[in-house]
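One letter stands for each residue in the lines below.
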Amino acid sequence: MIIDNLYNEAKGKSPVCLGLDTDESYLPKCISDLGEGVADKIFKFNKDIVDHTKDIVSCYKVQIAYYEALGLEGMKAYAKTMDYIRESGSISIGDIKRGDIAATGEKYATGHFQGDFEADIITVNGYMGEDAISPFYPYLKEKGKGLFVLLRTSNKSAVDLQDVEAGGQKVYLHMGDLIKKWGEGFIGESGFSSIGSVVGLTYPDEFYMLSKTYPNMFFLVPGYGAQGGTGKDLARILKESACAVVNSSRGLITAHKNKTEDTDYAQHIRNAALAMKGDITRWL
Ligand SMILES: O=C(O)c1cc(=O)[nH]c(=O)n1[C@@H]1O[C@H](COP(=O)(O)O)[C@@H](O)[C@H]1O
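Going by what an unreviewed UniProt entry lists, the protein chain is known as Orotidine 5'-phosphate decarboxylase and is assigned to Alkalibacter saccharofermentans DSM 14828. Recorded in UniProt under Catalytic activity (unreviewed entry), the annotation for the protein chain is "orotidine 5'-phosphate + H(+) = UMP + CO2". According to the UniProt record, the Sequence similarities (unreviewed entry) comment for the protein chain reads "Belongs to the OMP decarboxylase family. Type 2 subfamily."

Asker: Help me understand the packing of helix α3 (residues 38-53) against helix α5 (residues 71-87) in this model?
Answerer: Direction vectors running N to C along α3 and α5 enclose 25°, while the axes themselves pass 8 Å from each other. The angle between the axes of α3 and α5 places the two elements in the roughly parallel class. Crossing of α3 against α5: the hand is right-handed. Across the interface between the two elements, V38, A39, D40, I42, F43, N46, K47, V50 and D51 of α3 pack against E73, K76, A77, K80, T81, Y84 and I85 of α5. When its residues are assigned to classes, the contact of α3 with α5 shows eight nonpolar, two polar and six charged.

Asker: Can you help me understand helix α9 (residues 171-183) in this one?
Answerer: The α-helix advances 3.6 residues per turn, and as a result positions three or four apart in sequence lie on the same side. With 13 residues, α9 should reach 18 Å at 1.5 Å per residue; the first-to-last C-alpha distance of 18 Å fits that figure. Those residues of α9 that sit buried are V171, Y172, L173, M175, G176, I179, W182 and G183.

Asker: I tried to follow the site of the ligand on my own but got confused; where do I start?
Answerer: Around the ligand, the surrounding shell holds 16 residues, and the nearest of these are D21, K61, S154, Q227 and R250. At a separation of 2.6 Å, a nitrogen atom of the ligand approaches a polar side-chain atom of S154. Here an oxygen atom of the ligand sits 2.9 Å away from a polar atom, N or O, in the main chain of S249. Considered on its own, the ligand offers 510 Å² of accessible surface; in the complex 89% of this is hidden by protein. Those elements that provide at least two residues to the shell around the ligand are β2 (59-63), β3 (91-98) and β10 (244-248). The residue inventory of the shell around the ligand, partitioned by class, reads four nonpolar, seven polar and five charged.

Asker: Hey, could you run me through the UniProt feature "domain: Orotidine 5'-phosphate decarboxylase" (unreviewed entry) in the protein chain in this one?
Answerer: Within this numbering scheme, the UniProt entry marks residues 15-266 as carrying the feature "domain: Orotidine 5'-phosphate decarboxylase" (unreviewed entry). Spanning residues 15-266, this segment combines 41% helix with 18% strand, and its end C-alpha atoms are found 20 Å apart.

Each value, and the rule that gives it
- Residues numbered from 1 in each chain as written.
- Predicted model: local features only at pLDDT ≥ 70, side-chain atom pairs only at ≥ 80, totals over all residues.
- Heavy atoms only, no water.
- UniProt positions renumbered as here; feature names shortened; annotations may be inferred.
- Axes fitted to C-alpha atoms, helices over the stretch in contact; angles between N-to-C directions.
- Helix = DSSP H or I, 4+ residues; strand = E, 2+ residues; numbered from the N terminus.
- Parallel < 35°, antiparallel > 145°, perpendicular 65-115°, else oblique.
- Left-handed = near helix turned anticlockwise from the far one by under 90°.
- Contact = heavy atoms within 4.5 Å.
- Nonpolar A, V, L, I, M, F, W, Y, C, P; charged D, E, K, R; others polar.
- Expected span 1.5 Å × (residues − 1).
- Buried < 20%, exposed > 50% of the residue type's maximum accessible area, 1.4 Å probe, protein only.
- Near = heavy atom within 4 Å.
- Polar contact = N/O pair within 3.5 Å; in protein donor to acceptor, adjacent residues only side chain to side chain.
- Areas by Shrake-Rupley, 256 points an atom, 1.4 Å probe, with all protein chains shown as cover.

Structure, rendered in structure tokens:
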């Protein structure tokens, strides 16, 4: 199961999930000056990053909005990036945050679990209920794919809805119970389900509590670095269970900014990923 592979990669390499939220402004001059289209430039940057980091990170999360914003050219770069991650033997997370019901949900599943945009795992929004999640089940069963369902997101206004009490329980805990239930049929050898959840590191106490409440749940954890989360915040959770991968996007893929515009940029990004790995693992 994909979740067992991710668990093994996180244990064997590091819990670092490198976020390829690639904005054109992040490209060093040695790439932006090339006489090629934007898709080729962005792909070149992403490919170089994968080549320089695949031995030290567990997975790559590719945030589709950065590519959609560039239209057809951007989507070509997205497709090539997903393909290259697979070719490199690494795990890809398509950060698409979809969530629609029935026939529409089936189209999202087809669009992101096979064909041009195929990912190993995708992020989904389950706040419409199981009808927005069940269209993906056949791909989990038959193609070994996985889901990360939004549970406790990293943004400030997450609390406006997710902390509301309903029936004596906060909304996000109710969502946690649902994700646990949806994932029960997909538990792998690692003890984790291929239906995991997204919990922001910006709420470390809630994350700790969730990791205790749902021992079979694997977590995708954004919020490290640019949003303020630290290795120390993670330590008490990962010490007890290797239950998460931790994403950093801007904190890693802009590490070369103001340092170099030359081809050594990827080494700066690798160094930043190594520093993040060190920051997380030194507390364990
Ligand atoms: O699903 C996500 O990945 C996600 C959920 C969440 O609650 N907060 C969050 O920041 N993210 C994503 O995680 C990444 C964070 O990027 P940086 O803040 O640049 O590290 C972005 O791709 C966000 O879309």
